[in-house]
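Listed below are the residues making up each chain.
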Amino acid sequence: MTNIILLNPEIILACAGLLILLAGAFIGENRAKLLYHLGTISAAAVLGMIITQAAFSAYGTGTMWILDPGAQLFKFVILVATILTLLLSVNYSAIQPRHIGTYTALLLWASCGMMFLSGAMDLIYLLISLELISISCFILTGFEQKNPRSAEGAIKYFLMGSLSTAVTVYGISLFYGATGTTNLLAYASAADLHLSDPAYIMGMLFILVGFGFKISMVPFHFWAPDAYEGAPTPVTAYLSVASKLAALGAMLRIFTVVIPHGSLNLTLIIAVLAALTMTLGNLTALFQTNIKRLLAYSSIAQAGYMLIGLVVADPLGREGVLFYSLAYLVTNMGAFAVAMVVAGKTGSYELDAYNGLARRSLGLSIVMVMFLLSLAGIPPLAGFVAKFYVFSSAVNSQHYLWLAVLGVLNSVVSVYYYMNIARRMFFTERKDFSAVETDIYTTGVIVFTSAATLLMGLLPQTCMRIVKDCVSFHL
Amino acid sequence: MSLLSLIVFTPLAGALLILAIPGTRTKTIQGAALAATSLCMLLSGYLYFAFDKTTAAMQFVERLPWIPAFNINYYMGADGLSVAIVILTALLTLLSTIYSFNITLRVKEFFFWFLLLEAGMLGVFVSLDFFLFYVFWELTLVPMYFLIGVWGGPKKEYAAIKFFLYTLFGSLFMLLGMLALYFNSAPHTFDMLELARQGSLLPLNMQIWIFLALYLGFAIKIPAFPFHTWLPLAHVEAPTGVSVILAGVLLKMGTYGIMRVSFPVLPAATKWFLPFLIVIAVINIVYGAFCAMAQKDLKKMVAYSSINHMGYCMLGMTAMTAIGFNGAVMQMITHGLITGSLFLLVGVIYDRAHTRDIDAFGGLAARFPVYAGLMIIQVMASLGLPGLAGFVGEFLCFLGAFPAWPWYVAVSTIGIIVTAAFFLRMIEKVFLGPFNEKWAGLKDMNFRELVAIVPLAVLTLVIGIWPRFCLDLIDPTITYLASMMK
């Protein structure tokens, strides 16, 4: 354990979680919201650490973990998502004051697990991080005790999640049986002797399935809509962004850099799964009447687009995935923030609640349209540049042009349901003209995410440079 | 000097300004919209005089690195082709802004989207970087969706989403074609002029696929048969001012794109596709004319006549000669002026009578002389009466295409005859014959409507009598373009 110092940010975050949990036991209910702010501050402090470390472009390896710009980028994404989630939670009424300490602590620990995951270089370490994420997220999903949907979502998530963990563990055991190690770094430097060993390929396939659950890849996506619908909205946003992107980051590292899926002959399988993920996600989203379910299916489809870059796996494709992650982070967080605000006013997550919103709050509606268009990939927004990036990698590869064509067709389909919300906001009338108020925290989140969505679309060069640096970095 | 940026971003600034004005202050909002579009028109007018009309080179060029990672530049420039359409765009937007002062529903949003739309359209016509072109291209989509969907007719929601999906479908394939061009150029570039320089090096097979992808995007905009089905719906459902922009400018984005990108960048594929293009052009002409003839609704008739007129434009393009190209561009301009004013005129009568049924009127000429006069001028121009603007474009298109495709041109003349037939029949039913007393209480055109329509009528006459006023502007560019296709 020579390089435990590399894990300082995670350790600090975990300790902060413990302290907040402890503080939650003693703090009065009327002042419990302070705990959210403590959580935000600790996450922000750790984010600061990550950013300064990235500036040094220092790296190192422990025996089990790695610190490189790619891992740092995903830690950045996770922490930003955590901060935004905590800010959204402040005025979310369904969380009881006496549970705020637990809630915040769990959120920080889940983030901690995700940060571990993004630097994982050993399968055991990877498994532990996955479990840390899963267990925290199961509880968070079921946090609305009065809401049976929340419990239902949590149970489904839990059952599916444990199944996926079991499959992953089985995969790891097969991998160990075939290679004699669980350490990916040792493996990468050791031998390619086992490449044709079926147990080894089987093992990798099972590990892929485990990741598939986390990023809600079809056909392992069934938990997502129920869990997303039931979970408290800030947690839904968190699950759809942080949890998905962290797993995607680890998947990207393992399946394109450490053990390229091409060498496993798994490329075609992943390509087909990517195609299915975006198509099924979009087609099912067409029929949703609940905004959280709609965004759940949309986020499944988004995972499909991201997987295109992973399938192509060349530097351009990997850069595409990283850029997509950044764009998706701000866009999806923003969309959920608006959904939360609207539901806070109307008390409903049904799409009907959006009828005539433009007459009530024009600004909010325009911002929501912006998020939706960004998700659909219309310029000049972040989502467009992200899609442009992954599609261009597919076109460049020639081999996966069909994925780009399918992605394009899917984008057209997706516009229908995204614009359906815009239609309700702008085209339909409603008697109630009272404005939808937002509190300072949610306003902050919405302003930040919308500005970032626009800026990443108009001036993507900075982000592109960062992702290029991440991809071109080699240990 | 960054004149082009100024032209493109003036409307955008206006749009943002309008967003900041409280929605209840209608007059201020209208004033701001008028100011922004007028300023834009003035700048475009200045462009006409500052433009060196003797050369085909790009002028007013601006080039700044934008996304160096993909070698994407903020690259704008204008040649004769761009300048002509930029002026058309600025003019039509100004006039339809004036016309749209009669809109009372959600005025703030209307002008916000309207100005955003103008910025997008202008950007398309001055971009020399394909990526920038694409961004502006898509930027026109969203405002148009809302303009149709909120302020449109009874079937507005369906029309809006159909327009959006149809166009997006095409433009996303255009995006793929664009990416294919990018990755097959060395060094990788989105620079249209550079692509045109390198384009002929691509193998024919690949050119054909790329051409097809780009064509899908452009053809849906034109709209070329069989991708025209969105047009009648969108044009009819859109509010008058927006129909003007749809017909007058948005359709030209398709033909402009083909002339600016597809032809010079993929010359071999163009030659390969010519036999198909000419067939599509003829179908557009004849089928569009017959469809127009079958309509009872004035606005639908004008909408279908647009399909027919864009057919002439494509016919001129397939000539592959300077005459044909000149004709095509003239057709783009004159169609914008004529059809734009026809939509405005249809709007005028619809605002009063709340019907557009041709059979519902009769004898209007006696009671509404000004209206009838303007309508008759524009209808005559549209059916190609010599001495009016429409004739110049159509004649050049036919003249250019005849040496290469005599039989197709012969078939196309059916389109002219049918156009004449349905327009004259319309004049007869609406303006001549016994007066329908039901409309006795209606008033002739008011000042706002005259301000919006008279300039277009004047231009129709001026270009008809003195086409060099326009042709001199575009000819050097077009001659150069045609020489590239040899």
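Here, the structure is the one placed above.
Residues numbered from 1 in each chain as written. Chains lettered and ligands numbered in written order. Predicted model: local features only at pLDDT ≥ 70, side-chain atom pairs only at ≥ 80, totals over all residues.

Colleague: Is there a simple way to think about the overall build of chain A in this case?
Modeller: Looking only at helices and strands, chain A has 20 helices and two strands in total. Within the span of chain A, comprising 475 residues, buried residues form 61% of the whole. The contacts of chain A with a sequence gap of at least 6 include a subset with a gap of at least 24, amounting to 81%. (Helix = DSSP H or I, 4+ residues; strand = E, 2+ residues; numbered from the N terminus. Buried ≥ 20, exposed ≤ 12 C-beta atoms within 10 Å, placed from the backbone. Contact = placed C-beta atoms within 7 Å.)

Colleague: How should the overall build of chain B be read in this particular structure?
Modeller: Assigned secondary structure in chain B consists of 20 helices and two strands. Relative to its length of 486 residues, chain B is compact, with a C-alpha radius of gyration of 21 Å against a globular reference of 23 Å. By principal-axis analysis of the C-alpha atoms, chain B measures approximately 70 × 60 × 40 Å. Counting all 486 residues of chain B, 62% fall into the buried class. Across chain B, every contact between residues at least 6 apart in sequence was considered, and the portion connecting residues at least 24 apart equals 81%. (Rg over C-alpha atoms; globule rule 2.2 N^0.38 Å.)

Colleague: How should I be thinking about unusual backbone geometry in this particular structure?
Modeller: Note: most peptide bonds trans; most residues except glycine with negative phi. A cis amide bond links A:V218 with the next residue in sequence, A:P219, at an omega value of 5°. Here B:I222 and B:P223 are connected by a cis peptide whose omega angle stands at -10°. Relative to the elements of secondary structure, B:P223 occurs in the loop between helix 9 (204-221) and helix 10 (230-237). Backbone geometry at B:M320 places phi at a positive 60°, although glycine is not the residue there. Structurally, B:M320 can be placed in the loop between helix 13 (298-318) and helix 14 (322-353). You can call B:M320 partly exposed: it has 19 C-beta atoms within 10 Å. Here B:H354, not a glycine, exhibits a phi torsion of approximately 55°, which is positive. When you line up the elements, B:H354 lands in the loop between helix 14 and helix 15 (364-367).

Colleague: Where do I start with the interface of chain A and chain B in this structure?
Modeller: Facing the 25 residues of chain A at the interface are 26 residues of chain B. Counting residues per element, the side of chain A that touches chain B draws most heavily on helix 18 (residues 401-426) of chain A, which supplies ten residues. Grouping the constituent residues of the side of chain A that touches chain B by class yields 18 nonpolar, four polar and three charged. (Nonpolar A, V, L, I, M, F, W, Y, C, P; charged D, E, K, R; others polar.)

Colleague: I tried to follow the pairing of strand 2 (residues 72-78) of chain B on my own but got confused; where do I start?
Modeller: Residues in a regular strand project their side chains so that they alternate between the two faces of the sheet. Residue and element names in this part refer to chain B. Within strand 2, five of the seven residues are buried, which leaves it mostly tucked inside the rest of the structure. Here strand 1 (residues 59-67) pairs with strand 2 via six bridges, running antiparallel. In the strand pairing of strand 2, E62 is matched with M76. Here strand 1 folds back onto strand 2, and the loop between the two strands holds four residues, one of which, N71, carries a positive phi near 55°. (Pairing = 2+ DSSP bridges.)

Colleague: What's the story with the environment of B:S382 in this structure? I'm lost.
Modeller: All names here are of chain B. Looking at the element boundaries, S382 is found in helix 16 (residues 369-382). When the 28 C-beta atoms within 10 Å are taken as the criterion, S382 is described as buried. When the C-alpha positions of S382 and Y145 are compared, they lie 28 Å apart, and in sequence the two are 237 residues distant. S382 has contacts with S305, I338, T339, L342, G390 and F423, leaving out every residue within four places of it along the chain.

Colleague: Please clarify how the environment of B:A50 should be interpreted in this entry.
Modeller: Residue and element names in this part refer to chain B. Residue position: A50 is located in helix 2 (residues 26-50). Classification of A50 as partly exposed rests on a count of 13 C-beta atoms within 10 Å. As for A50 and L298, which are separated by 248 residues in sequence, their C-alpha atoms are 40 Å apart.

Colleague: I'm lost on the packing of helix 7 (residues 156-183) of chain B against helix 9 of chain B in this one. Help?
Modeller: If you want to describe how two helices pack, look at the angle between their axes and the distance between the axes. All names here are of chain B. With their axes 7 Å apart at the nearest point, helix 7 and helix 9 run at an angle of 150° to one another. Judged by the angle between their axes, helix 7 and helix 9 are roughly antiparallel. The handedness of the crossing between helix 7 and helix 9 comes out as left-handed. Along the contact surface, helix 7 presents Y166, T167, G170, S171, F173, M174, L176, G177, A180 and L181, while helix 9 presents I210, A213, L214, L216, G217, I220 and K221. Of the residues in the contact of helix 7 with helix 9, the class split is eleven nonpolar, five polar and one charged. (Axes fitted to C-alpha atoms, helices over the stretch in contact; angles between N-to-C directions. Parallel < 35°, antiparallel > 145°, perpendicular 65-115°, else oblique. Left-handed = near helix turned anticlockwise from the far one by under 90°.)

Colleague: Even after reading the chapter, I still don't get helix 14 of chain B, so can you show me in this structure?
Modeller: For an α-helix the count is 3.6 residues per turn, leaving residues at separations of three or four pointing the same way. Residues and elements named next belong to chain B. Counted at 1.5 Å a residue, the expected span for helix 14 with its 32 residues is 46 Å, and the 46 Å between its end C-alpha atoms agrees. Within helix 14, 27 of the 32 residues are buried, leaving the element largely enclosed by the surrounding structure. Two residues or fewer after helix 14 comes H354, characterised by a positive phi angle close to 55°. (Expected span 1.5 Å × (residues − 1).)

Colleague: Any chance you could explain the nonpolar core here in plain terms?
Modeller: A general trend in soluble globular proteins is that nonpolar side chains are found buried together. A:V311, A:F323, A:V338, A:L372, B:A84, B:V86 and B:L147 are the most contacted members of the largest nonpolar core, which totals 393 residues. Excluding residues within four positions of it along the chain, A:L372 makes contact with A:A335, A:Y418, A:I421 and A:A422. (Core = buried A, V, L, I, M, F, W, Y, C linked by C-beta atoms within 7 Å.)

Colleague: Can you help me understand the packing of helix 3 (residues 69-89) of chain A against helix 20 (residues 461-472) of chain A in this one?
Modeller: All names here are of chain A. Remark: helix 3 packs on helix 20, axes separated minimally by 7 Å, with the N-to-C direction vectors making an angle of 135°. Here helix 3 is positioned oblique relative to helix 20, judged by the angle of their axes. For the pair helix 3 and helix 20, the contacting residues are P69, G70 and L73 in the first and I466, D469 and C470 in the second. Of the residues in the contact of helix 3 with helix 20, the class split is four nonpolar, one polar and one charged.

Colleague: Sorry, what's going on with the environment of B:K271 here?
Modeller: The residue B:K271 is located in helix 12 (residues 267-293) in this model. For B:K271, a count of 13 C-beta atoms within 10 Å gives the class partly exposed.

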